[in-house]
Amino acid sequence: MTTTSYDAALPEPTVRTALRSPRMLRTEVLAGLVVALALIPEAISFSIIAGVDPRVGLFASFTMAVSIAFLGGRPAMISAATGAVALVIAPVMRDHGMDYFIATVLLAGVLQVVLGLVGVARLMRFIPRSVMVGFVNALAILIFLAQVPHLVDVPWLVYPMVAVGIAVIVALPRVTRVVPAPLVAIVALTAFTLLAAINVPDVGDEGELPDSLPSLFVPDVPWTLDTLQVIAPYAIAMALVGLLESLLTAKLVDDITDTHSDKTREAWGQGAANVITGFFGGMGGCAMIGQTMINVKVSGARTRISTFLAGVFLLILVVGFGDVVALIPMAALVAVMVMVSVGTFDWHSVRPATLRRMPRSETTVMVATVAVTVASHNLAIGVVVGVLVAMTLFARRVAHLTETHRELVTHPDGSVSAVYRVTGELFFASSNDLYTQFEYADDPDQVVIDLSESHVWDASTVASLDAITTKYERQGKAVEIVGLDSSSAERHERLSGSLPSH
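Definitions and limits used
Residues numbered from 1 in each chain as written. Predicted model: local features only at pLDDT ≥ 70, side-chain atom pairs only at ≥ 80, totals over all residues. Heavy atoms only, no water. Helix = DSSP H or I, 4+ residues; strand = E, 2+ residues; numbered from the N terminus. Buried < 20%, exposed > 50% of the residue type's maximum accessible area, 1.4 Å probe, protein only. Pairing = 2+ DSSP bridges. Axes fitted to C-alpha atoms, helices over the stretch in contact; angles between N-to-C directions. Contact = heavy atoms within 4.5 Å. Phe/Tyr/Trp six-rings, centres within 6.5 Å; stacked < 30°, edge-to-face > 60°. 1 Å grid on protein atoms, 1.4 Å probe; cavity = no way out; pocket = protein on both sides within 12 Å on 5 of 7 lines; lining within 4 Å. Points joined across faces, edges and corners; volume = space filled by probe spheres on them. Nonpolar A, V, L, I, M, F, W, Y, C, P; charged D, E, K, R; others polar. Patch = residues over 30% accessible without salt bridge, like charges linked within 9 Å, V, L, I, M, F, W, Y side chains within 5 Å. Areas by Shrake-Rupley, 256 points an atom, 1.4 Å probe, with all protein chains shown as cover. Salt bridge = Lys/Arg side-chain N within 4 Å of Asp/Glu carboxyl O. Expected span 1.5 Å × (residues − 1). Bend = angle between axes of the 7 residues up to and from the residue. Core = buried A, V, L, I, M, F, W, Y, C linked by side-chain atoms within 4.5 Å. pLDDT = per-residue confidence, 0-100. Right-handed = clockwise from strand over helix to strand, strands pointing away.

Right, let's talk about the overall build of the protein chain for a bit. A tally of helices and strands in the protein chain yields 20 helices and 6 strands. Judged by the C-alpha coordinates and their principal axes, the protein chain covers about 105 × 60 × 50 Å. The buried share of the protein chain, taken over its 502 residues, is 54%.

Here's what the structure looks like:
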């Protein structure tokens, strides 16, 4: 997909530079408008998932976008009501009602602020590239699958309208980039629908749009331990899911724009935005990857202006021009989201040449991430599974790099000792096999274990060394462990003899 972007020679655009450049400002404004239009049906859909009135999701999208524009650490990233958050906290609404629902959002926001301030964003470095690729590909598939219901059991005119919308989005950037192609597609298809007086599904069919501004909402719940026990599990899940999706999205935008963002600020900013959203009766949310791709990759936005305007335009559209917005055909928005899906998918990762070059473990991690994410419709679960698979395969691969070499050494006094030189990293996966690498019955009375080319990482290794020493001593043989580096020696001295036998 052709994208609009600023000159690579320029530093990362700021709000000030965008305000001084009519071209950049136009890009930001129009990008915000396109995102706002695309947010409306999704916010309504997520409200339905959560079991709340559509205004709860729409107001959440407004307050999240406006708040994160000031508080977030990743410029141009869009935060709003999301499906992942809706799925997590829907049981609270179903079982306990609106007040407990909003209390859950507030607690989740507070937890995110705390997690952000203690540095949870630094954990992002433990997410491998193969998991990120799987995350992106799963996201693209989920975006596409979310459009399928709008293409089933609909009038036949919907299909050519979607095709025309896709054609406009693909072809227009080759002619002009003055106006974002998705906006042109939405306006053109809406005009066609009205002028031709055809009856196709539109935004109004998704749910009733609000006709008033959001107001302050304080949940009427008893502030007791019993209430905390009800909402805490859901609030913790919402906080973790929201942070994971937001930080992964921020990293994705960093890669697309070749810039860096403040992940710690993004983490606590998400929490603060959720607290603000909760006090306005919103359902909370996190970063929206699909809308962010529209903003950054399709429309070319780079600053906080587009994020702020997406929220402002959303409120203006649904409250001030709700009757007009309700007439937008869903076919137009489906066309936009289908192209977002195509543009988001990492096609290079599934090319036969790439798959042949990639280690099987990397491909396995990517496929596992995609499969679990698509099956669960939860990006956070998919990423966690992907990381666990990656850790397991890495441990297995590293464990096989550990080797033990035996040598019989004759000393000047005629005595003989067996010297075992161990190479590689010693941890739970490799040290469990270490116990079987020694010839206990055939070795002489003196045994030396040389660890100068290895490192002791954990208690499992110390326990294995203790077990080896104990087995030799039972046969009347002495064992000397040499070559430990300072860290390994400290760990061995501290734990040796205090662990259960092998």
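Having put the structure on the table, let's press on.
Attention now goes to the sheet that holds strand E6 (residues 478-482). As a general point, the strands of a sheet are linked pairwise by backbone hydrogen bonds and lie either parallel or antiparallel. Taking strand neighbours across the sheet as the criterion, the 4 strands line up as E3-E4-E5-E6 in an open arrangement whose pairing is mixed. Either end of the sheet is taken by a strand with one partner, and the two such strands are strand E3 (403-410) and E6. Along the sheet, successive strands turn relative to each other by an average axial angle of 20 degrees, direction set aside. On the sheet, helix H20 (residues 486-495) packs against strand E5 (446-456) and E6 and is oriented at approximately 120 degrees with respect to E5.

This paragraph deals with the packing of aromatic side chains. By the definition in use, this model includes 8 aromatic pairs. Ring centres of phenylalanine 438 and tyrosine 440 lie 6.2 Å apart, and the angle between their planes is 40 degrees; on these two criteria the pair is classed as tilted. A relative accessible area of 6% places phenylalanine 438 in the buried class. Judged by centre distance (6.3 Å) and plane angle (85 degrees), the rings of phenylalanine 438 and tyrosine 472 are edge-to-face. One end of the pair, phenylalanine 438, is in the loop between helix H18 (428-434) and E5; the other, tyrosine 472, is in helix H19 (residues 459-474), with 34 residues separating them in the sequence.

The next subject is the layout of surface pockets. Its volume calculated, the largest pocket comes out at about 730 Å³. For the largest pocket, the lining is made up of 30 residues, of which Glu42, Phe46, Gly83, Leu142 and Ala146 are closest to its centre. Counting only elements with at least two residues in the lining of the largest pocket, the list comes to helix H2 (22-50), helix H4 (83-96), helix H6 (129-147), helix H11 (289-298) and helix H14 (330-344). Considered class by class, the residues forming the lining of the largest pocket number 19 nonpolar, 9 polar and 2 charged. Counted as a void, the second largest pocket has a volume near 410 Å³. Taken together, 16 residues form the lining of the second largest pocket, with Leu123, Ile127, Leu240, Leu244 and Val384 sitting closest to its centre. Put simply, the parts of the chain that give the lining of the second largest pocket at least two residues each are helix H9 (225-257) and helix H17 (379-399). Considering every element that reaches the lining of the second largest pocket, the biggest residue donor is H17, with 6 residues. Taken together, the residues of the lining of the second largest pocket sort by class into 16 nonpolar, no polar and no charged.

Here we come to empty space enclosed by the protein. Enumeration over the complete set of coordinates arrives at 4 cavities of 30 Å³ or more. The computed volume of the second largest cavity comes to approximately 100 Å³. Arg129, Ser130, Val133, His348, Ser349, Thr354, Leu355, Met358, Glu362, Thr363 and Met366 together form the lining of the second largest cavity. For the lining of the second largest cavity, the elements supplying multiple residues, two or more each, are H6, helix H15 (352-357) and helix H16 (360-376). Residue classes in the lining of the second largest cavity are distributed as 4 nonpolar, 5 polar and 2 charged.

The next thing to look at is a nonpolar patch on the surface. A grouping of Leu216, Val218, Ile276, Phe279 and Phe280 is seen on the molecular surface, where their side chains present a nonpolar patch of about 440 Å² in accessible area. By the secondary structure assignment, valine 218 is in the loop between helix H8 (181-196) and H9.

For the rest of this paragraph, the subject is H2. Helix length check: H2, at 29 residues, gives a terminal C-alpha distance of 41 Å against a target of 42 Å (1.5 Å per residue), a fit within 8%. Of all bends in H2, the biggest is about 30 degrees, found at leucine 39, and the proline proline 41 comes one to four residues later. Note on H2: the residue one or two positions beyond its end, glycine 51, has a positive phi of about 80 degrees.

Next up on the list: the nonpolar core. Ile40, Phe101, Ile127 and Met283 are the most contacted members of the largest nonpolar core, which totals 110 residues. Residue contributions to this core peak at 13 residues, all from H2. Excluding residues that lie within four positions of it along the chain, isoleucine 127 makes contacts with Met132, Leu244, Leu248, Val383 and Val387. One finds Ala418, Leu434, Ala467 and Tyr472 within the second-largest nonpolar core, a separate group that totals 18 residues.

Next up on the list: the pairing of strand E4 (residues 416-426). Buried residues dominate E4, accounting for 8 of its 11 residues. Where E3 and E4 come together, 8 bridges link them in antiparallel fashion. Directly across from valine 409, in E4, lies its bridge partner serine 417. Remark: 5 residues form the turn of the hairpin made by E3 and E4, two consecutive strands paired antiparallel; glycine 414 in that turn has positive phi of roughly 95 degrees.

What follows is about H17. If you check H17, its first and last C-alpha atoms are 30 Å apart, about what 21 residues at 1.5 Å a residue would give, namely 30 Å. Three or more residues of H17 are buried, namely Leu379, Ala380, Gly382, Val383, Gly386, Val387, Ala390, Ala395, Val398 and Ala399. Elements that come into contact with the buried residues of H17 comprise H6, H9, H11, H16, E4 and H18.

By the element assignment, phenylalanine 101 lies in helix H5 (residues 98-117). Residue class for phenylalanine 101 comes out buried when judged on its relative accessible area of 0%. Sequence separation of phenylalanine 101 and isoleucine 481 is 380 residues, and the distance between their C-alpha atoms is 60 Å. The residues contacting phenylalanine 101, other than those within four sequence positions of it, are Ala50, Val52, Val56, Ile89, Val92, Met93 and Met283.

Glancing now at the confidence of the model for the protein chain. Mean pLDDT over the protein chain: 87, with 97% of residues reaching 70 or higher. Within the model, the stretch residues 1-10 combines pLDDT values under 50 with 24 contacts to residues more than four positions away or in other chains.

What follows deals with the pairing of E6. The pairing of E5 with E6 spans 5 bridges and is classified as parallel. Opposite valine 447, over in E6, you have valine 479 as the bridge partner. One crossover worth recording links E5 to the parallel E6 by way of H19, and it is right-handed.

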